[in-house]
Amino acid sequence: MESTKNLTRTETAQRTATVSDVAYRLEIDVSSAADPSVSTFGSTTTITFSATPGASTFLDFLHGGVDSVTLNGAELPVDEVVGEHRITLPHLAEENTVVVAGHGLYSRSGEGLHRFVDPADSNTYLYTQYEPADARRVFANFEQPDLKATYDVSVTAPATWHVASNGASQRMDHHGNGTATWHFARTPRLSTYITALLAGPYHYVTDEWTGTTADGGTLTIELGASCRASLADDFDADRIFDVTKAGLDLFHRLFAYPYPWGKYDQAFVPEYNLGAMENPGLVTFTESYVFTSRATAAQHEGRANTLLHEMAHMWFGDLVTMAWWDDLWLKESFADYMGTLAVERATDLGQPWVTFANRRKAWAYVQDQLPTTHPIVADIPDVDAAKQNFDGITYAKGASVLKQLAAFVGEDAFFTAARAYFERHAFGNTTLADFLAVLSEASGRDMGAWAEAWLKTAGVPVLGVDLDTDEDGTVRSAHLVQEATDPVTGEPVLRPHVVRVGTFEVIDGRLQRTGSHEVELTGARAPLEPLVGQPRPAVVLPNDEDLTYAKVRFDEESLAVLLERLTELTEPLAQATAWAALWNMVRDAALPAERFSRAVAGMVGQIAEVGVVQLVLEQAETALNRYAPPSARPAALEALSDTVLGQLRDAEAGSDHQVAYARAVARLGRSEHVSAAVDSTVDGLLAGTTSFAGLDVDEQLRWALVQARAARGRADQAEIDAALGSAPSAVATVGHALASAARPEPEVKGRAFRAVMAGRDHESNVLSNDALSATAAGFQLGSHELLDGFSAEYWGALEDLWARLSIGLATRTVQGLFPAAQDITAEGVDANPALQAARAWLAGHETAPAALRRVVLEQTDTLERTLRAQSAAL
Ligand SMILES: [Zn+2]
């Protein structure tokens, strides 16, 4: 029987044609949540809606039992209408009321209503996460974004808890037995996937924001922030509120539409599957943003970016919502762009556009070169495909393209369009056409061709500069050139770009910008007149200031200079563009990993921005462990280690750089080949016999050091267990799981492999999402010789795994155990046994679920890319 867990665009479109004017009343009972033997919670849903008389439809409900279904006063036979995931509603009237009384299952996968028991104090915490289609794990509903409805929510829970939902708490009824029922304000119209619940003994801090609306009025918003009680001492709610208020000021100015959701709570929750979720009035975040160890400036910037990304969603996504997941970009690309823009304009944290160029765009370039890439406006036939589209295209490429759009039409036109969009579609649903309509009106340009080229094609454009010079070095002709093929269609695609081309010379020992020329490139080539007749610049940088989305190809002279002097570039965004280009070259086997690592080692000491230091050190380590051939690895890793140790010794006491270098030592310390000096520094820091003035070996660093010793076979299980010490915490639990799976012994790897495959630890406890990923990450630390033996069992189990697990856990498992660490041999890329096995599985499983095939295709392509890079450097 085909699983009905999936839900298709066709089915939901039929439901939209049948059903309208939906309103929900939810009664959720989590009063027994603290009892671990109770696996379900009470869920009673009353839905009123209009329908085509005589038609039938269905509700979605991934339940733990349904007691009764009552439609328009008549009880329906449960065994006939209730399936595993759906409830049939036959013979609808014009106006209908359906009541579903049943139970939901507490989740350990982060999907639905997640239950977490705090190792620090045994307190129980609950929160929900629904996108794209997991509200149905908590209550019966029409699970699709375009059937917006109002929600009247009540929750029964232990009376001492903090309980929250999208609407403000209006009343609390005590029952005298230690429980109480909270009643929340009825919400405005919103989609199922952004409804939310939070319950537990959360630490809750309040504040308020008062600002001015576009019509000159005053608006006050109650602010709240929560985290687990055991994290309260580390919870810097003041800084969170500072960013929140600055964001509310900015977005009210830019969007000119008053915040529509009443109060604004931000909850930091455990074992969270993603960075955050934009539930209106109750945003949820990963609690890794509650900094229990030292946080660098880059971490504060990253948190602010996420805070402001989610806040932008209160308008882009929550107020105006895509009709279906094909247009997911209408919220994610915008929120990603606005988050970065808001950090830049509303805070003094870091250099957000540098981070964007370095990290967000790197994610997009990776994703856009996978065989599974897709246009920004995607074809999403069902909710499984939707779940997989929260990817580098939808977020980072989309945001990059919006940055280019703002350069193309001008920022004023961009925001004029946004304001018209909110005004026109508030509390409604939209598609690409609706956005293009306001954009064309605001810019006075027909945006059809632009949208076609950028939003409906796939693949990364490549920008380069063609220079022709005389013998004396004078430029005879210069052109900016682009090349791109859409990997989906195989057709060439030339996109319109407004970019800047920078020229740089060495002046006073520094590489300084001597010119920055705006160029509008619409075809394959555009002349660079200002360069002609001038001496050839030391460096020519296409996409200076990172205005467009493209891989940059350097001419040989510029590349040679940049590999020595990149960090002398006086403009941070020029540096970021150049680093990104070098990294793309490593991945494309156009620059040997060793050469890249040498460039990083040679220049990292000059990098002022700690986020860039962290990034290039991570890239250099990945380059050597993945993209360098095995023969080159030991010497190159030793050389990189020496540099990092040297920088750690020289770093300013107590600085972010010192923290970044210490963490890099711990990370390098896991590698198969590191110098004795790294091992002894790891040991010394842990034992307290080595110290650096101002450096605190906090919980995060301590676990990284323990993991390094474990991965190198220098810590036994007793040492790892002892590190748990007397201060259990969520961080320690995960750190311990990773270290326990990291030891390079066949039995250890076997135990870890079996635990991840079964989703249970050796004591048969269900592994949470976080525990599963940590165990898999530990497993992966090891030579391929140690891990290859598990491959046959892995390939044989994939389909069963996929059918048995939620898509979230299944994806973690398939990715987490994929045989990714491989070494090239003289026989070449295609002879690699792991690659052969992956290809054979794909060829033999053409009809496997599309979502599973997508994960395997991506992993296989990534493996092939690493082997190609290793091969090129042999
Ligand atoms: Zn988002």
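Scoring rules and cut-offs
- Residues numbered from 1 in each chain as written.
- Predicted model: local features only at pLDDT ≥ 70, side-chain atom pairs only at ≥ 80, totals over all residues.
- Heavy atoms only, no water.
- UniProt positions renumbered as here; feature names shortened; annotations may be inferred.
- Donors = N, O, S within 2.8 Å, 3.2 Å for Na, K, Ca; no water.
- Helix = DSSP H or I, 4+ residues; strand = E, 2+ residues; numbered from the N terminus.
- Buried < 20%, exposed > 50% of the residue type's maximum accessible area, 1.4 Å probe, protein only.
- 1 Å grid on protein atoms, 1.4 Å probe; cavity = no way out; pocket = protein on both sides within 12 Å on 5 of 7 lines; lining within 4 Å.
- Points joined across faces, edges and corners; volume = space filled by probe spheres on them.
- Nonpolar A, V, L, I, M, F, W, Y, C, P; charged D, E, K, R; others polar.
- Pairing = 2+ DSSP bridges.
- Axes fitted to C-alpha atoms, helices over the stretch in contact; angles between N-to-C directions.
- Contact = heavy atoms within 4.5 Å.
- Phe/Tyr/Trp six-rings, centres within 6.5 Å; stacked < 30°, edge-to-face > 60°.
- Lys NZ or Arg CZ within 6 Å of the ring centre and 35° of its normal.

- With an unreviewed UniProt entry as reference, the chain is termed Aminopeptidase N, source organism Zhihengliuella flava.
- In the Sequence similarities (unreviewed entry) part of its UniProt record, the chain is described as follows: "Belongs to the peptidase M1 family."
- The Catalytic activity (unreviewed entry) field of the UniProt record for the chain holds the comment "Release of an N-terminal amino acid, Xaa-|-Yaa- from a peptide, amide or arylamide. Xaa is preferably Ala, but may be most amino acids including Pro (slow action). When a terminal hydrophobic residue is followed by a prolyl residue, the two may be released as an intact Xaa-Pro dipeptide."

**Quick word on the coordination of the zinc ion**
Link 1 in the chain: The protein atoms that coordinate the zinc ion are His309 (NE2), His313 (NE2) and Glu332 (OE), at distances of 2.0 to 2.1 Å.
Link 2 in the chain: Read N to C, the donor residues that coordinate the zinc ion are spaced as H-x3-H-x18-E. Highlighted residues: histidine 309 in helix H4 (residues 297–313) and glutamate 332 in helix H5 (residues 329–346), separated in sequence by 23 residues. The two residues histidine 309 and glutamate 332 agree in class, both being buried.

**Focus: the layout of surface pockets**
Link 1 in the chain: There is about 1,000 Å³ of room inside the second largest pocket.
Link 2 in the chain: As for the second largest pocket, its lining consists of 43 residues, of which Asn6, Asp382, Asp384, Pro849 and Ala851 are closest to the centre.
Link 3 in the chain: Breaking the lining of the second largest pocket down by element, the ones donating at least two residues are helix H7 (383–388), helix H25 (791–804) and helix H28 (850–872).
Link 4 in the chain: Of the residues belonging to the lining of the second largest pocket, the class tally is 16 nonpolar, eleven polar and 16 charged.

**Overview of the pairing of strand E11 (residues 162–165)**
The two faces of the sheet receive side chains in turn, since in a regular strand these alternate between them.
Link 1 in the chain: Residues His162 and Ala164 of E11 are buried on one face, and the alternating residues Val163 and Ser165, pointing to the opposite face, are buried as well.
Link 2 in the chain: Direction of pairing for E11 relative to strand E14 (residues 197–200): antiparallel, over a ladder of four bridges. Its bridge partner lying in E14, alanine 164 is registered against leucine 198.

**A closer look at the sheet that holds strand E13 (residues 179–184)**
Within a sheet, each strand pairs with its neighbour through backbone hydrogen bonds, oriented either parallel or antiparallel.
Link 1 in the chain: Pairing within the open sheet is mixed, and its eight strands lie in the order E5-E4-E7-E2-E1-E10-E13-E12. In the strand order of this sheet, the two ends are held by strand E5 (74–76) and strand E12 (169–174), each with one partner. Strand-to-strand twist of the sheet, defined as the mean angle between neighbouring strand axes without regard to direction, takes the value 20 degrees.
Link 2 in the chain: Against the sheet, helix H1 (residues 9–18) touches strand E1 (19–29) and strand E2 (40–51), its axis set at about 105 degrees to E1.

**Thoughts on the pairing of E13**
Link 1 in the chain: With five of six residues buried, E13 is to be regarded as a mostly interior element.
Link 2 in the chain: Note: strand E10 (residues 149–158) against E13, five bridges, orientation antiparallel. Its bridge partner lying in E13, serine 154 is registered against histidine 183.
Link 3 in the chain: Direction of pairing for E12 relative to E13: antiparallel, over a ladder of five bridges. Pairing of aspartate 173 across the sheet is with threonine 181, part of E13.

**A short note on the side chain of glutamine 367**
Link 1 in the chain: Looking at where glutamine 367 falls in the secondary structure, it is placed in helix H6 (residues 352–368).
Link 2 in the chain: Residues contacting glutamine 367, with those up to four places away along its chain left out, are Thr373, Asp391, Gly392, Ile393, Arg854 and Glu858.

**Considering the UniProt feature "domain: Peptidase M1 membrane alanine aminopeptidase" (unreviewed entry) in the chain**
Link 1 in the chain: Here, UniProt's "domain: Peptidase M1 membrane alanine aminopeptidase" (unreviewed entry) annotation points to residues 241–454.
Link 2 in the chain: Taken end to end, residues 241–454 is 58% helix and 9% strand, and its first and last C-alpha atoms sit 37 Å apart.

**Remarks on the packing of aromatic side chains**
Link 1 in the chain: Counted by the stated rule, this structure contains 46 aromatic pairs.
Link 2 in the chain: Ring centres of tryptophan 583 and tyrosine 627 lie 5.9 Å apart, and the angle between their planes is 75 degrees; this geometry places the pair in the edge-to-face category. You can see tryptophan 583 sitting in helix H13 (residues 572–587) and its partner tyrosine 627 sitting in helix H15 (residues 610–627), a full 44 residues away along the chain. A single burial state applies to tryptophan 583 and to tyrosine 627, both of which are buried.
Link 3 in the chain: Directly above the ring of phenylalanine 58 sits arginine 86, whose terminal nitrogen or CZ lies 4.3 Å from the centroid.
Link 4 in the chain: A cation over an aromatic ring shows up here: arginine 495 above the ring of tryptophan 454, its NZ or CZ 5.5 Å from the ring centre.

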